[in-house]
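This is what each chain is made of:
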Amino acid sequence: MVSYGILFLGLFILFFTNEVCLLENGLAKTPPMGWMSWGYYMCADNCSANPDRCLNEELIMSVADAFYNEGYQEAGYEYIIIDDCWSERQRDEKGRLVPDHKRFPRGMKFLADYIHGKGLKFGMYLNIAVDTCMRYPGSRGHFRVDTKSLAEWDVDYVKVDGCFVEEEYLDIAYIKLGHYLNKTGRPMVYSCSWPYYKKYIHKHEPVYSQIVPICNMWRNYHDVAVKWGHVRYIYKFYEGMATEIGKYHGPGHWNDPDMLIVGTNALSPNQNRIQMSIWAMLSAPLIFSCDMKQVTADERRLLQNLQLIAVAQDPLGRMATPHKIQRDVTIWVKLHLPSKGDMFYSYSFAIVNLGTTSVSVTLRPRRYGLNSTDDYTVMDVFSGNMLKNMSAYASMEVIVPPEDVIMYSLFPL
Ligand code: GLA
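Quantities reported herein were computed from a predicted structural model and do not represent experimental measurements.

Draft legend 1. A look at the state of the cysteines. Scanning all chains against the criterion turns up four disulfides. Each sulfur of the disulfide joining cysteine 192 and cysteine 215 lies 2.0 Å from the other. Taking the torsion about the sulfur-sulfur bond, which here is approximately -95°, the covalent link between cysteine 192 and cysteine 215 counts as left-handed. Remark: cysteine 215 occurs in the loop between helix H9 (208-211) and strand E6 (217-219) and cysteine 192 occurs in strand E5 (residues 189-192); sequence separation between them is 23 residues. By relative accessible area, which is 0% here, cysteine 192 ends up buried. Residue classification places cysteine 215 among the buried positions, given a relative accessible area of 0%. Disulfide partners in the chain, listed by the sequence order of the bonded cysteines, are 1-4, 2-3, 5-6, 7-8.

Draft legend 2. Main features of helix H7 (residues 167-184). When the terminal C-alpha atoms of H7 are compared, their 26 Å separation across 18 residues agrees well with the 26 Å that a helix rising 1.5 Å per residue should span. In H7, a bend of some 30° at alanine 173 exceeds every other bend along the element. Within H7, 13 of the 18 residues are buried, which leaves it mostly tucked inside the rest of the structure. Within two residues after H7, glycine 185 carries a phi angle of roughly 80°, on the positive side.

Draft legend 3. Inspection of the sheet that holds strand E8 (residues 286-288) at higher detail. Judged by pairing direction, the sheet is parallel, and its eight strands sit side by side in the order E7-E6-E5-E4-E3-E2-E1-E8 without closing on themselves. Each having just a single partner strand, strand E7 (254-256) and E8 make up the two edges of the open sheet. Here the average twist between neighbouring strands, direction ignored, is 25°. Pairing between E6 and E7: three bridges, direction parallel. Of the residues in E7, the one forming a bridge with arginine 219 is aspartate 256.

Draft legend 4. Spotlight on the pairing of strand E11 (residues 344-353). Judged by how many residues are buried, E11 sits mostly within the fold: nine of ten residues are covered. Strand direction decides the pairing type here: strand E10 (residues 329-340) and E11, joined by ten bridges, are antiparallel. Considered in E11, the bridge of isoleucine 331 is made with isoleucine 351. Counting the residues between successive antiparallel strands, the hairpin from E10 to E11 contains three residues, one of them, glycine 341, with a positive phi of roughly 60°. Taken together, the seven bridges between E11 and strand E16 (residues 404-412) define a ladder with antiparallel strand orientation. Bridge pairing in E16 places phenylalanine 349 opposite tyrosine 408.

Draft legend 5. Broad picture of the sheet that holds E11. Across the sheet, six strands lie side by side as E9-E10-E11-E16-E13-E14; this open sheet has antiparallel pairing. Every other strand in the sheet has two partners, leaving strand E9 (321-326) and strand E14 (386-390) as the edge strands with one partner each. In this sheet, adjacent strand axes meet at a mean angle of 25° when their direction is disregarded. On the sheet, helix H11 (residues 269-281) packs against E10, E11 and E16 and is oriented at approximately 40° with respect to E16.

Draft legend 6. Spatial organisation of the side chain of histidine 336. Structurally, histidine 336 is set in strand E10. Classification of histidine 336 by relative accessible area gives buried; the value is 3%. If we ignore the near neighbours within four places in the chain, the residues touching histidine 336 are Val311, Asp314, Leu316, Tyr345, Ser346, Tyr347, Ser348, Ser409 and Phe411.

Draft legend 7. View of the packing of aromatic side chains. Under the definition given, this model contains 21 aromatic pairs. Pairing tyrosine 174 with tyrosine 190 gives two aromatic rings, centres 6.4 Å apart and planes at 40°, and the pair type is tilted. Of the two residues, tyrosine 174 is situated in helix H7 and tyrosine 190 in strand E5; the sequence distance between them amounts to 16 residues. Taking the relative accessible area as the measure of exposure, tyrosine 190 reaches 1% and is therefore buried. Ring plane angle 10° and centroid distance 5.8 Å describe the contact between tyrosine 174 and tryptophan 194, whose orientation is recorded as stacked. In this pair, tyrosine 174 sits in helix H7 while tryptophan 194 sits in helix H8 (residues 194-201), placing the two residues 20 residues apart along the sequence. With respect to class, tyrosine 174 is no different from tryptophan 194; both count as buried. Members of the aromatic cluster, connected to one another through ring pairs, are Tyr196, Tyr197, Tyr200, Tyr221, Phe237 and Tyr238. Across the ring face of tyrosine 40, the terminal group of arginine 53 is positioned such that the distance to the ring centre comes to 3.9 Å.

Criteria and cut-off values
Going along each chain's sequence as written, the residues are numbered from 1 onward. Residue-level local features of this predicted model are given only where pLDDT is at least 70; pairs of side-chain atoms are given and counted only at 80 or more, and the full residue set underlies all totals for whole chains, interfaces and linings. The basis for the side-chain values is all heavy atoms of the structure; hydrogens and waters are excluded. Defined by distance alone, a disulfide is two cysteine sulfur atoms within 2.5 Å. Helical segments are the DSSP runs of H or I of at least four residues, strand segments are the runs of E of at least two, and each set is numbered from the N terminus. The classification of residues rests on relative accessible area computed with a 1.4 Å probe and restricted to protein chains. Under 20% of the type maximum is buried, over 50% is exposed, and intermediate values are partly exposed. Helix span, expected: 1.5 Å multiplied by one less than the number of residues in the helix. In this scheme, the bend at a residue equals the angle between the axes fitted to the seven residues that finish there and the seven that begin there. When DSSP finds two or more bridges between two strands, those strands count as paired. The convention used is that axes are lines fitted to C-alpha atoms, helices contributing only their stretch in contact, and that angles between N-to-C directions extend from 0 to 180 degrees. A contact between two residues is defined here by any heavy atoms of the two lying within 4.5 Å. Stacked, tilted and edge-to-face pairs are distinguished by plane angle, under 30 degrees for stacked and over 60 for edge-to-face with tilted covering the rest, among Phe, Tyr and Trp rings (Trp via its six-membered ring) whose centres lie within 6.5 Å. Over a ring means this: the NZ of a Lys or the CZ of an Arg is within 6 Å of the ring centre and within 35 degrees of the ring normal.

So this is what it looks like as C-alpha coordinates:
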(Lines give C-alpha, C1' and ligand atoms only; values in the text may rest on other atoms or scores of the structure.)
Protein backbone atom coordinates (compact mmCIF):
# COMPACT_ATOMS: atom_id res chain seq x y z
CA MET A 1 0.00 0.00 0.00
CA VAL A 2 2.79 2.39 0.92
CA SER A 3 4.48 1.89 -2.44
CA TYR A 4 1.22 2.52 -4.34
CA GLY A 5 0.80 5.67 -2.25
CA ILE A 6 4.23 6.87 -3.25
CA LEU A 7 3.57 6.05 -6.89
CA PHE A 8 0.30 7.95 -6.84
CA LEU A 9 1.90 10.92 -5.15
CA GLY A 10 4.75 10.89 -7.68
CA LEU A 11 2.38 10.77 -10.62
CA PHE A 12 0.20 13.46 -9.06
CA ILE A 13 3.21 15.76 -8.67
CA LEU A 14 4.36 15.06 -12.21
CA PHE A 15 1.01 15.65 -13.83
CA PHE A 16 -0.34 18.54 -11.82
CA THR A 17 2.67 20.69 -11.13
CA ASN A 18 3.55 21.37 -14.73
CA GLU A 19 6.44 18.96 -14.32
CA VAL A 20 5.51 16.88 -17.29
CA CYS A 21 5.56 17.74 -20.93
CA LEU A 22 5.14 15.30 -23.74
CA LEU A 23 7.81 14.41 -26.20
CA GLU A 24 6.70 16.06 -29.44
CA ASN A 25 10.30 16.54 -30.54
CA GLY A 26 9.51 15.88 -34.19
CA LEU A 27 12.29 13.27 -34.42
CA ALA A 28 12.46 9.68 -35.63
CA LYS A 29 9.68 10.05 -38.17
CA THR A 30 11.22 6.95 -39.70
CA PRO A 31 12.99 4.39 -37.50
CA PRO A 32 16.52 5.57 -36.60
CA MET A 33 19.42 3.90 -38.42
CA GLY A 34 22.97 3.74 -37.18
CA TRP A 35 25.68 1.97 -35.22
CA MET A 36 25.92 1.37 -31.46
CA SER A 37 28.91 0.18 -29.48
CA TRP A 38 27.27 -2.29 -27.07
CA GLY A 39 26.45 -5.40 -29.13
CA TYR A 40 30.00 -6.02 -30.28
CA TYR A 41 32.23 -3.95 -27.95
CA MET A 42 30.14 -4.14 -24.78
CA CYS A 43 31.98 -2.51 -21.85
CA ALA A 44 35.34 -2.43 -23.65
CA ASP A 45 37.11 -0.25 -21.09
CA ASN A 46 40.27 -2.32 -20.59
CA CYS A 47 42.15 -0.91 -23.53
CA SER A 48 45.66 -1.76 -22.40
CA ALA A 49 44.74 -5.46 -22.19
CA ASN A 50 42.57 -5.43 -25.35
CA PRO A 51 43.70 -2.65 -27.67
CA ASP A 52 41.62 -4.13 -30.53
CA ARG A 53 38.45 -3.99 -28.50
CA CYS A 54 38.51 -0.57 -26.97
CA LEU A 55 35.61 1.82 -26.53
CA ASN A 56 37.37 5.10 -27.14
CA GLU A 57 37.48 8.22 -29.23
CA GLU A 58 39.38 6.57 -32.12
CA LEU A 59 36.77 3.84 -32.37
CA ILE A 60 33.89 6.29 -32.61
CA MET A 61 35.74 8.45 -35.12
CA SER A 62 36.60 5.39 -37.20
CA VAL A 63 32.91 4.42 -37.35
CA ALA A 64 32.09 7.95 -38.56
CA ASP A 65 34.83 7.61 -41.20
CA ALA A 66 33.48 4.23 -42.32
CA PHE A 67 29.92 5.61 -42.54
CA TYR A 68 31.20 8.50 -44.62
CA ASN A 69 33.60 6.60 -46.88
CA GLU A 70 32.00 3.20 -47.31
CA GLY A 71 28.45 3.93 -48.42
CA TYR A 72 26.62 3.52 -45.08
CA GLN A 73 25.65 7.16 -44.88
CA GLU A 74 24.24 7.18 -48.41
CA ALA A 75 22.25 4.08 -47.52
CA GLY A 76 20.64 5.99 -44.61
CA TYR A 77 22.76 5.10 -41.56
CA GLU A 78 23.03 8.22 -39.48
CA TYR A 79 23.41 7.84 -35.69
CA ILE A 80 26.67 6.74 -34.04
CA ILE A 81 25.88 5.84 -30.45
CA ILE A 82 28.23 5.28 -27.50
CA ASP A 83 26.64 2.85 -25.05
CA ASP A 84 27.55 2.19 -21.40
CA CYS A 85 31.06 2.65 -19.91
CA TRP A 86 32.05 6.02 -21.32
CA SER A 87 32.50 8.12 -18.18
CA GLU A 88 34.94 8.55 -15.33
CA ARG A 89 33.92 6.75 -12.12
CA GLN A 90 33.39 10.08 -10.33
CA ARG A 91 31.38 13.16 -11.23
CA ASP A 92 33.21 16.51 -11.20
CA GLU A 93 32.96 19.12 -8.45
CA LYS A 94 29.79 20.53 -10.07
CA GLY A 95 28.16 17.09 -10.10
CA ARG A 96 28.57 16.58 -13.85
CA LEU A 97 29.44 13.36 -15.64
CA VAL A 98 32.95 13.45 -17.06
CA PRO A 99 34.05 11.42 -20.10
CA ASP A 100 36.85 8.95 -19.32
CA HIS A 101 40.04 11.02 -19.59
CA LYS A 102 42.16 8.32 -21.15
CA ARG A 103 39.67 6.95 -23.65
CA PHE A 104 37.91 10.21 -24.56
CA PRO A 105 40.67 12.77 -23.95
CA ARG A 106 39.09 15.47 -26.13
CA GLY A 107 35.64 15.05 -24.57
CA MET A 108 32.23 14.50 -26.11
CA LYS A 109 31.74 17.91 -27.74
CA PHE A 110 34.83 17.19 -29.82
CA LEU A 111 33.36 13.85 -30.91
CA ALA A 112 30.00 15.43 -31.67
CA ASP A 113 31.70 18.05 -33.83
CA TYR A 114 33.66 15.37 -35.65
CA ILE A 115 30.54 13.32 -36.32
CA HIS A 116 28.48 16.36 -37.32
CA GLY A 117 31.30 17.44 -39.61
CA LYS A 118 30.57 14.35 -41.65
CA GLY A 119 26.83 15.06 -41.73
CA LEU A 120 26.10 12.32 -39.18
CA LYS A 121 24.49 12.33 -35.73
CA PHE A 122 25.77 11.46 -32.27
CA GLY A 123 24.17 9.35 -29.54
CA MET A 124 25.02 8.61 -25.91
CA TYR A 125 23.85 6.44 -23.01
CA LEU A 126 22.46 7.14 -19.52
CA ASN A 127 20.74 5.01 -16.89
CA ILE A 128 17.98 6.21 -14.55
CA ALA A 129 19.50 4.53 -11.47
CA VAL A 130 22.42 5.50 -9.22
CA ASP A 131 24.65 3.28 -11.35
CA THR A 132 24.54 2.24 -14.99
CA CYS A 133 24.04 -1.43 -15.78
CA MET A 134 27.85 -1.83 -15.79
CA ARG A 135 28.18 0.13 -12.51
CA TYR A 136 29.39 3.38 -14.00
CA PRO A 137 27.77 6.52 -12.53
CA GLY A 138 24.04 6.62 -13.26
CA SER A 139 21.76 9.62 -13.52
CA ARG A 140 19.40 9.18 -10.55
CA GLY A 141 19.26 12.54 -8.78
CA HIS A 142 21.11 14.16 -11.70
CA PHE A 143 18.58 14.23 -14.53
CA ARG A 144 18.74 17.98 -14.94
CA VAL A 145 22.51 18.24 -14.99
CA ASP A 146 23.05 15.15 -17.18
CA THR A 147 20.55 16.13 -19.85
CA LYS A 148 22.09 19.61 -19.82
CA SER A 149 25.57 18.12 -20.34
CA LEU A 150 24.31 16.08 -23.29
CA ALA A 151 22.71 19.16 -24.81
CA GLU A 152 25.90 21.17 -24.32
CA TRP A 153 27.85 18.44 -26.06
CA ASP A 154 25.40 18.58 -28.99
CA VAL A 155 24.17 15.03 -28.57
CA ASP A 156 21.33 14.02 -30.95
CA TYR A 157 20.13 10.75 -29.43
CA VAL A 158 20.06 9.34 -25.93
CA LYS A 159 19.59 5.71 -24.96
CA VAL A 160 18.27 5.64 -21.41
CA ASP A 161 18.54 2.34 -19.60
CA GLY A 162 16.52 1.17 -16.60
CA CYS A 163 18.71 -1.24 -14.59
CA PHE A 164 18.56 -1.34 -10.78
CA VAL A 165 15.44 0.66 -9.94
CA GLU A 166 12.23 -0.19 -8.17
CA GLU A 167 9.09 -0.32 -10.25
CA GLU A 168 7.48 2.82 -8.82
CA TYR A 169 10.53 4.83 -9.71
CA LEU A 170 10.83 3.24 -13.17
CA ASP A 171 7.35 4.53 -14.03
CA ILE A 172 8.19 8.05 -12.96
CA ALA A 173 11.82 8.31 -14.06
CA TYR A 174 11.30 7.94 -17.80
CA ILE A 175 8.66 10.67 -17.72
CA LYS A 176 10.82 12.93 -15.64
CA LEU A 177 13.98 12.43 -17.67
CA GLY A 178 11.99 13.09 -20.85
CA HIS A 179 10.82 16.31 -19.29
CA TYR A 180 14.40 17.44 -18.62
CA LEU A 181 15.43 16.44 -22.13
CA ASN A 182 12.69 18.66 -23.52
CA LYS A 183 13.75 21.48 -21.22
CA THR A 184 17.25 21.53 -22.70
CA GLY A 185 15.68 22.78 -25.94
CA ARG A 186 17.91 20.45 -27.94
CA PRO A 187 15.95 17.80 -29.85
CA MET A 188 17.35 14.38 -28.97
CA VAL A 189 15.88 11.04 -29.97
CA TYR A 190 14.74 9.50 -26.67
CA SER A 191 15.30 5.74 -26.61
CA CYS A 192 13.81 4.02 -23.55
CA SER A 193 13.92 0.56 -22.03
CA TRP A 194 10.85 1.13 -19.91
CA PRO A 195 8.65 -1.73 -21.23
CA TYR A 196 11.49 -4.24 -21.04
CA TYR A 197 12.18 -3.54 -17.35
CA LYS A 198 8.49 -3.32 -16.54
CA LYS A 199 7.78 -6.73 -18.00
CA TYR A 200 10.91 -8.78 -17.42
CA ILE A 201 12.30 -7.33 -14.20
CA HIS A 202 9.16 -6.14 -12.43
CA LYS A 203 6.84 -8.74 -13.98
CA HIS A 204 4.05 -6.39 -14.92
CA GLU A 205 2.59 -5.67 -18.34
CA PRO A 206 3.87 -2.40 -19.80
CA VAL A 207 1.25 0.26 -20.37
CA TYR A 208 2.23 1.20 -23.89
CA SER A 209 -0.27 4.03 -24.09
CA GLN A 210 1.79 5.77 -21.34
CA ILE A 211 5.10 5.10 -23.05
CA VAL A 212 4.22 6.22 -26.59
CA PRO A 213 3.83 9.95 -25.75
CA ILE A 214 7.11 9.97 -23.82
CA CYS A 215 9.67 7.99 -25.84
CA ASN A 216 10.70 7.89 -29.52
CA MET A 217 11.55 4.21 -29.24
CA TRP A 218 11.61 1.55 -26.58
CA ARG A 219 13.08 -1.87 -26.03
CA ASN A 220 10.40 -4.55 -25.55
CA TYR A 221 12.53 -7.60 -24.97
CA HIS A 222 15.89 -9.01 -23.85
CA ASP A 223 19.29 -7.93 -25.14
CA VAL A 224 20.57 -9.36 -28.38
CA ALA A 225 23.95 -11.11 -28.17
CA VAL A 226 26.30 -11.94 -31.00
CA LYS A 227 24.72 -15.36 -31.53
CA TRP A 228 22.03 -16.74 -33.82
CA GLY A 229 20.14 -18.22 -30.84
CA HIS A 230 19.50 -14.73 -29.47
CA VAL A 231 18.31 -13.39 -32.79
CA ARG A 232 15.97 -16.37 -33.04
CA TYR A 233 14.52 -15.74 -29.56
CA ILE A 234 13.92 -12.11 -30.43
CA TYR A 235 12.34 -13.13 -33.74
CA LYS A 236 9.99 -15.48 -31.87
CA PHE A 237 9.03 -12.76 -29.40
CA TYR A 238 7.97 -10.39 -32.18
CA GLU A 239 6.22 -13.17 -34.03
CA GLY A 240 4.10 -13.69 -30.93
CA MET A 241 3.63 -10.01 -30.06
CA ALA A 242 3.60 -8.10 -33.35
CA THR A 243 -0.17 -7.76 -33.53
CA GLU A 244 -0.46 -6.57 -29.93
CA ILE A 245 2.39 -4.07 -29.92
CA GLY A 246 2.11 -3.12 -33.59
CA LYS A 247 -0.67 -0.69 -32.72
CA TYR A 248 1.74 1.51 -30.75
CA HIS A 249 4.27 1.60 -33.57
CA GLY A 250 4.59 4.37 -36.15
CA PRO A 251 6.27 7.64 -37.08
CA GLY A 252 8.03 9.10 -34.02
CA HIS A 253 7.41 6.05 -31.80
CA TRP A 254 8.97 2.66 -32.40
CA ASN A 255 9.18 -0.75 -30.81
CA ASP A 256 12.87 -1.67 -30.72
CA PRO A 257 13.97 -5.31 -31.07
CA ASP A 258 17.59 -4.27 -30.28
CA MET A 259 20.66 -4.19 -32.48
CA LEU A 260 21.40 -5.91 -35.75
CA ILE A 261 24.40 -8.19 -35.40
CA VAL A 262 24.80 -8.34 -39.19
CA GLY A 263 28.43 -7.25 -39.68
CA THR A 264 29.92 -9.34 -36.87
CA ASN A 265 30.32 -12.40 -39.09
CA ALA A 266 28.57 -14.38 -36.33
CA LEU A 267 25.66 -15.43 -38.53
CA SER A 268 25.53 -17.46 -41.72
CA PRO A 269 24.51 -15.52 -44.86
CA ASN A 270 20.92 -16.81 -44.62
CA GLN A 271 20.70 -16.02 -40.88
CA ASN A 272 21.95 -12.52 -41.69
CA ARG A 273 19.16 -12.24 -44.28
CA ILE A 274 16.56 -13.33 -41.73
CA GLN A 275 17.61 -10.74 -39.16
CA MET A 276 17.88 -7.96 -41.71
CA SER A 277 14.60 -8.71 -43.48
CA ILE A 278 12.53 -9.14 -40.33
CA TRP A 279 13.90 -5.97 -38.72
CA ALA A 280 13.00 -4.21 -41.99
CA MET A 281 9.54 -5.79 -42.08
CA LEU A 282 8.94 -4.67 -38.49
CA SER A 283 9.97 -1.08 -39.34
CA ALA A 284 12.47 -1.50 -36.55
CA PRO A 285 15.38 0.84 -35.90
CA LEU A 286 18.30 -0.52 -37.96
CA ILE A 287 21.16 -0.04 -35.54
CA PHE A 288 24.02 -2.43 -36.04
CA SER A 289 26.99 -3.19 -33.83
CA CYS A 290 30.24 -4.62 -35.13
CA ASP A 291 33.88 -3.99 -35.84
CA MET A 292 33.59 -1.98 -39.05
CA LYS A 293 36.92 -3.35 -40.24
CA GLN A 294 35.64 -6.93 -40.15
CA VAL A 295 32.38 -6.51 -42.09
CA THR A 296 32.43 -8.93 -45.03
CA ALA A 297 31.52 -7.83 -48.54
CA ASP A 298 28.27 -9.86 -48.32
CA GLU A 299 27.30 -8.31 -45.01
CA ARG A 300 27.99 -4.83 -46.28
CA ARG A 301 25.89 -5.47 -49.38
CA LEU A 302 23.05 -6.66 -47.17
CA LEU A 303 23.35 -3.76 -44.71
CA GLN A 304 23.27 -1.38 -47.66
CA ASN A 305 20.52 -3.12 -49.67
CA LEU A 306 18.40 -0.14 -50.72
CA GLN A 307 15.29 -2.16 -51.58
CA LEU A 308 15.32 -3.58 -48.08
CA ILE A 309 16.04 -0.23 -46.45
CA ALA A 310 13.14 1.27 -48.41
CA VAL A 311 10.84 -1.28 -46.74
CA ALA A 312 12.34 -0.56 -43.30
CA GLN A 313 12.12 3.22 -43.76
CA ASP A 314 8.69 3.33 -45.35
CA PRO A 315 7.00 6.56 -44.15
CA LEU A 316 3.84 4.73 -43.05
CA GLY A 317 5.97 2.86 -40.51
CA ARG A 318 3.73 -0.20 -40.21
CA MET A 319 4.90 -3.28 -38.38
CA ALA A 320 4.52 -6.41 -40.50
CA THR A 321 1.89 -8.95 -39.49
CA PRO A 322 3.04 -12.55 -39.07
CA HIS A 323 0.90 -15.39 -40.45
CA LYS A 324 2.17 -18.72 -39.21
CA ILE A 325 1.48 -21.35 -41.82
CA GLN A 326 3.47 -24.28 -40.44
CA ARG A 327 5.37 -24.87 -37.20
CA ASP A 328 8.57 -23.28 -38.50
CA VAL A 329 7.22 -21.26 -41.42
CA THR A 330 5.77 -17.77 -41.21
CA ILE A 331 4.65 -15.34 -43.88
CA TRP A 332 5.21 -11.77 -42.71
CA VAL A 333 3.12 -9.18 -44.54
CA LYS A 334 3.71 -5.45 -44.57
CA LEU A 335 1.71 -2.70 -46.20
CA HIS A 336 3.77 0.23 -47.43
CA LEU A 337 4.22 2.96 -50.03
CA PRO A 338 4.17 3.69 -52.90
CA SER A 339 0.44 3.47 -53.38
CA LYS A 340 -1.53 3.81 -56.58
CA GLY A 341 -4.06 6.51 -55.81
CA ASP A 342 -5.07 6.23 -52.18
CA MET A 343 -6.46 2.72 -52.46
CA PHE A 344 -3.88 0.32 -53.76
CA TYR A 345 -0.77 0.00 -51.64
CA SER A 346 2.50 -1.81 -52.16
CA TYR A 347 3.16 -4.79 -49.91
CA SER A 348 6.19 -6.79 -48.92
CA PHE A 349 6.24 -10.45 -48.00
CA ALA A 350 9.00 -12.18 -46.06
CA ILE A 351 8.55 -15.93 -45.98
CA VAL A 352 10.74 -17.30 -43.19
CA ASN A 353 11.58 -20.96 -42.77
CA LEU A 354 13.27 -21.71 -39.44
CA GLY A 355 13.12 -25.46 -40.07
CA THR A 356 15.82 -27.81 -41.24
CA THR A 357 14.33 -28.76 -44.62
CA SER A 358 13.21 -26.75 -47.62
CA VAL A 359 9.53 -25.88 -47.81
CA SER A 360 7.28 -25.01 -50.70
CA VAL A 361 4.82 -22.23 -49.91
CA THR A 362 1.90 -21.06 -52.03
CA LEU A 363 1.60 -17.31 -51.80
CA ARG A 364 -1.86 -15.91 -52.54
CA PRO A 365 -1.57 -12.10 -52.26
CA ARG A 366 -5.35 -11.54 -52.21
CA ARG A 367 -5.53 -13.42 -48.93
CA TYR A 368 -3.43 -10.70 -47.27
CA GLY A 369 -5.44 -7.70 -48.41
CA LEU A 370 -3.90 -6.87 -51.80
CA ASN A 371 -6.81 -5.53 -53.77
CA SER A 372 -5.66 -3.79 -56.93
CA THR A 373 -7.67 -4.85 -59.95
CA ASP A 374 -4.55 -4.39 -62.10
CA ASP A 375 -1.48 -6.53 -61.71
CA TYR A 376 1.37 -6.08 -59.26
CA THR A 377 4.99 -6.20 -60.28
CA VAL A 378 6.98 -8.54 -58.06
CA MET A 379 10.52 -7.65 -56.95
CA ASP A 380 12.97 -9.97 -55.23
CA VAL A 381 14.23 -7.69 -52.47
CA PHE A 382 17.64 -9.32 -52.01
CA SER A 383 18.61 -9.32 -55.69
CA GLY A 384 16.60 -6.27 -56.74
CA ASN A 385 15.35 -8.23 -59.77
CA MET A 386 11.84 -7.69 -61.07
CA LEU A 387 10.55 -11.25 -61.33
CA LYS A 388 7.19 -10.90 -63.04
CA ASN A 389 3.80 -9.21 -62.97
CA MET A 390 0.94 -11.01 -61.28
CA SER A 391 -2.65 -10.51 -60.28
CA ALA A 392 -3.48 -10.38 -56.56
CA TYR A 393 -5.89 -13.22 -57.29
CA ALA A 394 -3.17 -15.45 -58.73
CA SER A 395 -0.84 -17.56 -56.65
CA MET A 396 2.89 -18.13 -56.66
CA GLU A 397 4.89 -21.14 -55.52
CA VAL A 398 7.89 -20.16 -53.42
CA ILE A 399 10.62 -22.54 -52.31
CA VAL A 400 12.25 -21.44 -49.07
CA PRO A 401 15.52 -23.23 -48.21
CA PRO A 402 16.12 -24.38 -44.63
CA GLU A 403 16.71 -21.56 -42.11
CA ASP A 404 16.30 -18.91 -44.75
CA VAL A 405 13.95 -16.21 -45.98
CA ILE A 406 12.53 -15.14 -49.34
CA MET A 407 11.48 -11.51 -49.51
CA TYR A 408 9.35 -9.96 -52.24
CA SER A 409 7.91 -6.47 -52.65
CA LEU A 410 4.76 -6.15 -54.77
CA PHE A 411 4.01 -2.77 -56.36
CA PRO A 412 0.62 -2.03 -57.97
CA LEU A 413 0.98 -1.32 -61.68
C1 GLA B 1 21.45 -3.17 -20.78
C2 GLA B 1 20.91 -2.78 -22.15
C3 GLA B 1 21.98 -3.04 -23.20
C4 GLA B 1 23.24 -2.23 -22.87
C5 GLA B 1 23.72 -2.59 -21.48
C6 GLA B 1 24.85 -1.67 -21.02
O7 GLA B 1 21.65 -4.54 -20.68
O8 GLA B 1 19.75 -3.47 -22.45
O9 GLA B 1 21.50 -2.69 -24.49
O10 GLA B 1 22.94 -0.86 -22.97
O11 GLA B 1 22.66 -2.49 -20.51
O12 GLA B 1 25.28 -1.96 -19.76
